Amino acid sequence: MSSGGAEDDIPQGERKTVTDFCYLLDKSKQLFNGLRDLPQYGQKQWQSYFGRTFDVYTKLWKFQQQHRQVLDNRYGLKRWQIGEIASKIGQLYYHYYLRTSETSYLNEAFSFYSAIRQRSYYSQVNKEDRPELVVKKLRYYARFIVVCLLLNKMDVVKDLVKELSDEIEDYTHRFNTEDQVEWNLVLQEVAAFIEADPVMVLNDDNTIVITSNRLAETGAPLLEQGMIVGQLSLADALIIGNCNNQVKFSELTVDMFRMLQALEREPMNLASQMNKPGMQESADKPTRRENPHKYLLYKPTFSQLYTFLAASFKELPANSVLLIYLSATGVFPTGRSDSEGPYDFGGVLTNSNRDIINGDAIHKRNQSHKEMHCLHPGDLYPFTRKPLFIIVDSSNSVAYKNFTNLFGQPLVCLLSPTAYPKALQVLMSLCGRWHFTATSQPEVLSADIV
């Protein structure tokens, strides 16, 4: 708002408009910052808070649209500030997608991110001598790229990467900042990610076919004769990525990316008013298709993994299955053990600050103790009290081969191969063992149904 005695010349109505806008802006920032304090696990505790946050941002967005001229003249509203509001709304939709696994919210996030680009809300940022504003713009590009990757909009991704590269070059040239290496690493990661995706499948005649990972309306496989529907349904999934030297962007490795899409249906284009997060749907609205709820855990510690696993186990509905996808470096035992129990064959790596030995495997140095930064098969035994579906994508997947069913509940273990032809070994380490083999050489997979 203009300063000095000029404030006295502002009409009361316009003064109230600026005051109301400042209140909504401050309230929206307060609620948005509070999102980080919400528990990352559990499916119910966060919904009311998200609903309040969406309400305030909806009012703020409409308010600045309705009073743009007054805010321009009396508040000095800049276009990058409008872009920042739109970016926060896009982030809200994206995080609501992560919380609910409902892919239609990705479309909503895309629409706001796309509007920022089309309307050039951040175009004037480079003219201001404020590096923190440019960083906001760079982060917007990175978030937009993630959403486009999840929506398989690869043409848009390539355009965004080119624009991001130009913005980073201009940013580092103008400000000579210390984060130049970090932003160049972002470019390298997304370039490698684009090269690794989409999935390449080898047909019987060795020709490469590009496939889509999500389930389309017309792509559901037909049931075999005599199969019974509805006894069990997949309700929850933990997708865990902890492989060394694997292609990733943000905190999403290629194999995590493909698995999360394999558990989703293609996004629907829903009207915004029909899928406002946190609101109760009326009976006359069409029922949304629900995807299994997912947790995406990138390089979790053992305690983090166990916390999320326990939360999923606790909230698993009746007649439902919990899926655990483990894509992680193998942890191998050293020497022979007198017993062959669930902690004697190693397992898969959980995150720690220790150095990785030989890149792909950690070997236990003290032979008198088990590796503590490892998810052993025995660690999963308590959760077999409910139906469990385990996929192990690891160089030590055989550790889970003789998984014991202690409680008589349905239990399936799918294990990736541990040996490949030399020509495929580099590709497997970068892009994941399970997905390449499941699509190109399904006969190699090992499955235990116990």
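See the structure shown above.
Residues numbered from 1 in each chain as written. Predicted model: local features only at pLDDT ≥ 70, side-chain atom pairs only at ≥ 80, totals over all residues. Heavy atoms only, no water.

**Brief notes about the overall build of the chain**
So, step 1. Summing up its helical and strand segments, the chain has 12 helices and 14 strands in all.
So, step 2. Taking all 450 residues of the chain together, the buried fraction comes to 47%.
So, step 3. Long-range contacts, defined as pairs at least 24 residues apart, comprise 71% of the intrachain contacts of the chain with a sequence gap of at least 6.
So, step 4. Surface summary for the chain: the accessible area is close to 23400 Å², and the carbon and sulfur share equals 50%. (Helix = DSSP H or I, 4+ residues; strand = E, 2+ residues; numbered from the N terminus. Buried < 20%, exposed > 50% of the residue type's maximum accessible area, 1.4 Å probe, protein only. Contact = heavy atoms within 4.5 Å. Areas by Shrake-Rupley, 256 points an atom, 1.4 Å probe, with all protein chains shown as cover.)

**Details of the pattern of salt bridges**
So, step 1. Within this structure, the stated rule accounts for 12 salt bridges.
So, step 2. For the salt bridge of Lys 16 with Asp 20, the shortest nitrogen-to-oxygen distance reads 2.8 Å. Here the residue Lys 16 and the residue Asp 20 both occupy positions in helix H1 (residues 12-34), the gap between them amounting to 4 residues, near one helical turn.
So, step 3. A salt bridge links Lys 248 to Glu 189, with the shortest nitrogen-to-oxygen separation between them at 3.1 Å. Pair noted here: Lys 248 is in strand S4 (residues 248-249) and Glu 189 is in helix H8 (residues 180-196), with a separation of 59 residues, a long-range link.
So, step 4. Residue class for Glu 189 comes out buried when judged on its relative accessible area of 17%.
So, step 5. Here the salt bridges do not stand alone but share partners, grouping Glu 84, Lys 88 and Lys 136 into one network. (Salt bridge = Lys/Arg side-chain N within 4 Å of Asp/Glu carboxyl O.)

**Section: the side chain of Ser 397**
So, step 1. Mapping Ser 397 onto the fold places it in the loop between strand S12 (388-393) and strand S13 (411-415).
So, step 2. Taking the relative accessible area as the measure of exposure, Ser 397 reaches 0% and is therefore buried.
So, step 3. Residues in contact with Ser 397, not counting those within four places in the same chain, are Val 392, Leu 415, Ser 416 and Thr 418.

**Some thoughts on the pairing of S13**
So, step 1. Burial within S13 is extensive, with 5 of its 5 residues counted as buried.
So, step 2. On S13, burial covers both faces: Leu 411, Cys 413 and Leu 415 on one face and Val 412 and Leu 414 on the other are all buried.
So, step 3. Bridge analysis of S12 against S13 gives 5 bridges, and the strand direction is parallel. The residue bridging Val 392 from the neighbouring strand is Leu 415, located in S13. (Pairing = 2+ DSSP bridges.)

**Remarks on H8**
So, step 1. Relative to the 24 Å expected for 17 residues at 1.5 Å per residue, H8 spans 25 Å between its end C-alpha atoms, a close match to the ideal helical length.
So, step 2. For H8, the full list of buried residues reads Trp 183, Val 186, Leu 187, Glu 189, Val 190, Phe 193, Ile 194 and Ala 196. (Expected span 1.5 Å × (residues − 1).)

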